[in-house]
Amino acid sequence: MSLTAESHSVCLSDGNHIPLFGLGTYGDPRVMPEGAAYECVKLAIDAGYRHFDGALVYFNEHKVGKAIRDKIADGIVRREDIFYYVKLWNTFHTPELVRSGLERTLKALKLDCVDLFILEISMTIKPGKDFFPRDENGKYIYHHTDLCATWEQALESCKDSGLVKCVGVSNRQLELLLNKPDLKYKPVSSQCHPYFTQPKLLEYCRQNDIVVVGYCPLSSSTDEFWVNLKCPPMLEDELLVSIGKKYNKSSAQVALCFNAQRGIVVIPKRLGFEEMTDAEAPNKNIHFVKLLMWSDHPEYPFHVEY
């Protein structure tokens, strides 16, 4: 397969297309240099990236948006070439707040719409100005929300309003939503990780025409706020390293290829059948994103690990 900006995409169930290879824009704001997000996105566009994953809670969407707009102004890309994928933050899960959360993203990006808007972590934190509200004892303050109502009254409405092109979820809500009576728009996407491959989930998604996005596909984050630091380093995985040596590729390339050949959004050169049969082996039934700061939630880990 010859990879170009036009050819490396997958058709979603609503007719839109998502590029197989995306760039996550999160960087720990405590250590990332000023302007890093802006420069990284510009360089990524020059290198051929057209898919960018972001969130309001990353606190850098103004930089990401400026990089995209500058490259559009330079004539390098058109807005329709870019696929921007954004997650709804947990303090905006109540139906009446969803649109305001999305509008904050659009205002930061200075774009008219986003391409994919997902309800990611199915646990709601108390709404308000603070993104990480705590009580006087330092414990996070949770809030109950009917996620089916959020989907129907808010995400579907944002799509009808033209503020988003596609809507999706993480895997925890799939069955709940697909079994919902009078579902107007079904989710076009879900999520998984190579260390928790969930073959039953993948098959369920295939049967329901849902594209799976592989988050943190190289497991390179060491931000203990979000991830499980007990996970073994993926790029040192014996199987990935050995396959890489055989094909003169890096373990990172093999890890990305592993996802792509399972129909998950990321790519490069195909491996032989024998290696890909063995390549379920990266699965360790480990949750890479652990979100331990919410471990006191009454339904943890069911609402937050994935």
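Everything numeric in this text was worked out from a predicted model, so none of it was measured.

Asker: I keep staring at the sheet that holds strand β12 (residues 264–265) and nothing clicks. Help me out?
Answerer: The strands making up a sheet associate through backbone hydrogen bonding, with each pair oriented either parallel or antiparallel. Strand order in the open sheet formed by 3 strands is β10-β11-β12, and the pairing between neighbours is parallel. Two strands close off the open sheet at either side, each with one partner strand: β10 (189–192) and β12. Strand direction decides the pairing type here: β10 and strand β11 (residues 211–214), joined by 4 bridges, are parallel. For Ser-189, the partnering residue across the bridge sits in β11 and is Val-211.

Asker: Looking at this structure, how should I read the pattern of salt bridges?
Answerer: Any two side chains of opposite charge can pair, so long as their charged atoms come close to each other. According to the stated counting rule, one finds 13 salt bridges in the structure shown. Between Asp-46 and Lys-71 there is a salt bridge whose closest N-O contact spans 2.8 Å. Here the residue Asp-46 occupies a position in helix α1 (residues 36–47), and Lys-71 occupies one in helix α2 (residues 61–73), the gap between them amounting to 25 residues. In this structure Lys-71 comes out as buried when scored by relative accessible area, which is 10%. Its salt-bridge partner being Asp-81, residue Arg-78 comes within 2.9 Å of it at the nearest N-O pair. Connected via shared salt-bridge partners are Arg-78, Glu-80 and Asp-81.

Asker: I keep staring at the packing of aromatic side chains and nothing clicks. Help me out?
Answerer: Scanning the model with the defined rule gives 5 aromatic pairs in all. Through a chain of ring-to-ring contacts, the aromatic side chains of Phe-59, Phe-92 and Phe-131 assemble into a single cluster. Positioned above the aromatic ring of Tyr-85, the side-chain terminus of Lys-87 is 5.8 Å from the ring centre. A cation over a ring is seen here: Lys-159 above Tyr-185, with NZ or CZ 5.1 Å from the ring centre.

Asker: Would you explain the environment of Asp-28 in this entry?
Answerer: As for its position among the elements, Asp-28 is in the loop between β3 (22–24) and α1. For Asp-28, a relative accessible area of 16% corresponds to the buried category. Linking Asp-28 and Tyr-58, residues 30 residues apart in sequence, is a C-alpha distance of 8.0 Å.

Asker: Would you explain α1 in this entry?
Answerer: Think of an α-helix as turning once every 3.6 residues; residues three or four places apart then point the same way. Between its first and last C-alpha, α1 extends 16 Å over 12 residues, near the 16 Å set by a 1.5 Å rise per residue. Within α1 the residues assigned to the buried category are Ala-36, Ala-37, Tyr-38, Val-41, Ala-44 and Ile-45. Of the surrounding secondary structure, the elements contacted by the buried residues of α1 are β3, β4 (51–55) and α2. Positive backbone phi, at 115 degrees, marks Gly-48, one or two positions downstream of α1.

Asker: I would appreciate a short explanation of the packing of α2 against helix α3 (residues 95–109) in the present structure.
Answerer: For any two helices packed against each other, one specifies the inter-axial angle together with the distance between the axes. For the pair α2 and α3, the least separation of the axes is 7 Å and the interaxial angle reads 50 degrees. With respect to α3, the axis of α2 lies oblique. The residues of α3 that touch α2, namely those facing Glu-61, His-62, Gly-65 and Arg-69, are Thr-105, Ala-108 and Leu-109. By residue class, the composition of the contact of α2 with α3 is 2 nonpolar, 3 polar and 2 charged.

Asker: Got a minute to help me understand the side chain of Thr-145 in this structure?
Answerer: Along the chain, Thr-145 falls in the loop between β8 (142–143) and α4 (147–160). One polar contact links Thr-145 to Thr-124, side chain to side chain, over a distance of 3.2 Å. Setting aside residues up to four positions removed in sequence, Thr-145 forms contacts with His-93, Thr-94, Pro-95, Thr-124 and Thr-150.

Asker: Got a minute to help me understand the sheet that holds strand β9 (residues 164–169) in this structure?
Answerer: The 5 strands are arranged β3-β4-β5-β6-β9 in an open sheet whose pairing can be described as parallel. Either end of the sheet is taken by a strand with one partner, and the two such strands are β3 and β9. In this sheet, neighbouring strand axes are inclined to one another by 25 degrees on average, regardless of whether the strands run parallel or antiparallel. Pairing of strand β5 (residues 83–87) with strand β6 (residues 114–119), which is carried by 3 bridges, proceeds in the parallel orientation. Residue Tyr-85 lies in a different strand from β6, and its bridge partner there is Leu-116. Where α3 meets the sheet, it contacts β5, β6 and β9, and its direction lies at approximately 140 degrees from that of β6.

Parameters and conventions
- Residues numbered from 1 in each chain as written.
- Predicted model: local features only at pLDDT ≥ 70, side-chain atom pairs only at ≥ 80, totals over all residues.
- Heavy atoms only, no water.
- Pairing = 2+ DSSP bridges.
- Helix = DSSP H or I, 4+ residues; strand = E, 2+ residues; numbered from the N terminus.
- Salt bridge = Lys/Arg side-chain N within 4 Å of Asp/Glu carboxyl O.
- Buried < 20%, exposed > 50% of the residue type's maximum accessible area, 1.4 Å probe, protein only.
- Phe/Tyr/Trp six-rings, centres within 6.5 Å; stacked < 30°, edge-to-face > 60°.
- Lys NZ or Arg CZ within 6 Å of the ring centre and 35° of its normal.
- Expected span 1.5 Å × (residues − 1).
- Contact = heavy atoms within 4.5 Å.
- Axes fitted to C-alpha atoms, helices over the stretch in contact; angles between N-to-C directions.
- Parallel < 35°, antiparallel > 145°, perpendicular 65-115°, else oblique.
- Nonpolar A, V, L, I, M, F, W, Y, C, P; charged D, E, K, R; others polar.
- Polar contact = N/O pair within 3.5 Å; in protein donor to acceptor, adjacent residues only side chain to side chain.

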